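These are the residues of each chain, in order.
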Amino acid sequence: MRDIRVVGDPVLRTPAEPVADFDRDLRRMIDEMFEVMYAARGVGLAGPQIGVSRRIFVYDCSSRKGHVINPELTVDDDTEVLDEEGCLSVPDRETRVPIYARTPRAAGVTVRGMDRLGRPIRIRARGMLARCFQHETDHLDGRLYVDRLARDAARQVLLQAP
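On a predicted model such as this, the values are computed, not experimentally measured, just so you know.

A. Region of the structure containing the layout of surface pockets. Of the volumes computed, that of the largest pocket is approximately 330 Å³. For the lining of the largest pocket, the secondary structure elements donating two or more residues are strand E3 (64-85) and helix H2 (127-140). Here the element with the most residues in the lining of the largest pocket is H2; it accounts for five residues. For the lining of the largest pocket, the per-class residue count stands at ten nonpolar, four polar and five charged.

See below:
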């Protein structure tokens, strides 16, 4: 099983490459990503978090489970919602548990992309699922949730991280 990359690893700050081949290796990687996510007790995991710089994420959040390849995210409701958010790639250096902080996100989004067979998908989301999609799409763009925090809050989180 692959290790989850943590803050400081350059792969987390590098925009991921689009997926071009919808083959058996891709399907295996999706299955492996679910295994890693569940083992870490996460609700989402993006390719860069396991060292794979490809535009793909998996999720199991708000009673919805799936994956999105080459996602394009649009904001449907830009009302700012502040809620606790953490990240498997930003763990506490001692406990290895994700560090949570109140993070602003849009209230509603739509994600368009493809499934493991290259078929188009479109998912509208609100609440925690919308937060999850925004968080994972940020990973694919080389961003972490701490980038959305006020400077002092981000500094406090990063001081606790490895």
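B. Layout of the packing of aromatic side chains. A full pass over the atoms with the stated rule returns four aromatic pairs. Between phenylalanine 34 and tyrosine 38, the ring centres sit 6.0 Å apart and the planes meet at 25°, which makes this aromatic pair stacked. Within this pair, phenylalanine 34 and its partner tyrosine 38 are both found in helix H1 (residues 24-39), separated by four residues, close to a single helical turn. Its relative accessible area of 10% is what places phenylalanine 34 among the buried residues.

C. Inspection of H1 at higher detail. For H1, built from 16 residues, the straight-helix expectation of 22 Å at 1.5 Å per residue is met to within 8% by its first-to-last C-alpha distance of 23 Å. For H1, the N-terminal cap is aspartate 23; the gap from its side-chain oxygen to the backbone nitrogen of aspartate 25 is 3.3 Å. Following H1 by one or two positions, arginine 41 has its phi on the positive side, about 60°.

D. Molecular detail of the nonpolar core. Within the largest apolar cluster, 16 residues are counted, with the highest numbers of intra-cluster contacts made by Phe57, Tyr59 and Phe133. Among the secondary structure elements, those contributing two or more residues to this core are strand E2 (56-61), strand E4 (101-114), strand E5 (120-126) and H2. Looking at which element gives the most residues to this core, the answer is H2, with five residues. Listed in part, the 15 residues of the second largest apolar core include Leu26, Leu45, Ile50 and Val52.

E. Main features of the pattern of salt bridges. Enumeration over the complete set of coordinates arrives at 13 salt bridges. When the shortest N-O distance is used, the salt bridge between arginine 2 and glutamate 32 registers 3.2 Å. With a gap of 30 residues between them, arginine 2 in the segment before H1 and glutamate 32 in helix H1 connect regions that are remote in the sequence. Classification of glutamate 32 by relative accessible area gives partly exposed; the value is 22%. The salt bridge involving aspartate 138 is made with arginine 105; its shortest N-O contact spans 2.8 Å. With aspartate 138 in helix H2 and arginine 105 in strand E4, this pair connects stretches of sequence that are 33 residues apart. Counted as one network, the salt bridges with shared partners bring together Glu85, Arg105, Arg131, Asp138 and Arg148.

Rules of the game
- Residues numbered from 1 in each chain as written.
- Predicted model: local features only at pLDDT ≥ 70, side-chain atom pairs only at ≥ 80, totals over all residues.
- Heavy atoms only, no water.
- 1 Å grid on protein atoms, 1.4 Å probe; cavity = no way out; pocket = protein on both sides within 12 Å on 5 of 7 lines; lining within 4 Å.
- Points joined across faces, edges and corners; volume = space filled by probe spheres on them.
- Helix = DSSP H or I, 4+ residues; strand = E, 2+ residues; numbered from the N terminus.
- Nonpolar A, V, L, I, M, F, W, Y, C, P; charged D, E, K, R; others polar.
- Phe/Tyr/Trp six-rings, centres within 6.5 Å; stacked < 30°, edge-to-face > 60°.
- Buried < 20%, exposed > 50% of the residue type's maximum accessible area, 1.4 Å probe, protein only.
- Expected span 1.5 Å × (residues − 1).
- Polar contact = N/O pair within 3.5 Å; in protein donor to acceptor, adjacent residues only side chain to side chain.
- Core = buried A, V, L, I, M, F, W, Y, C linked by side-chain atoms within 4.5 Å.
- Salt bridge = Lys/Arg side-chain N within 4 Å of Asp/Glu carboxyl O.

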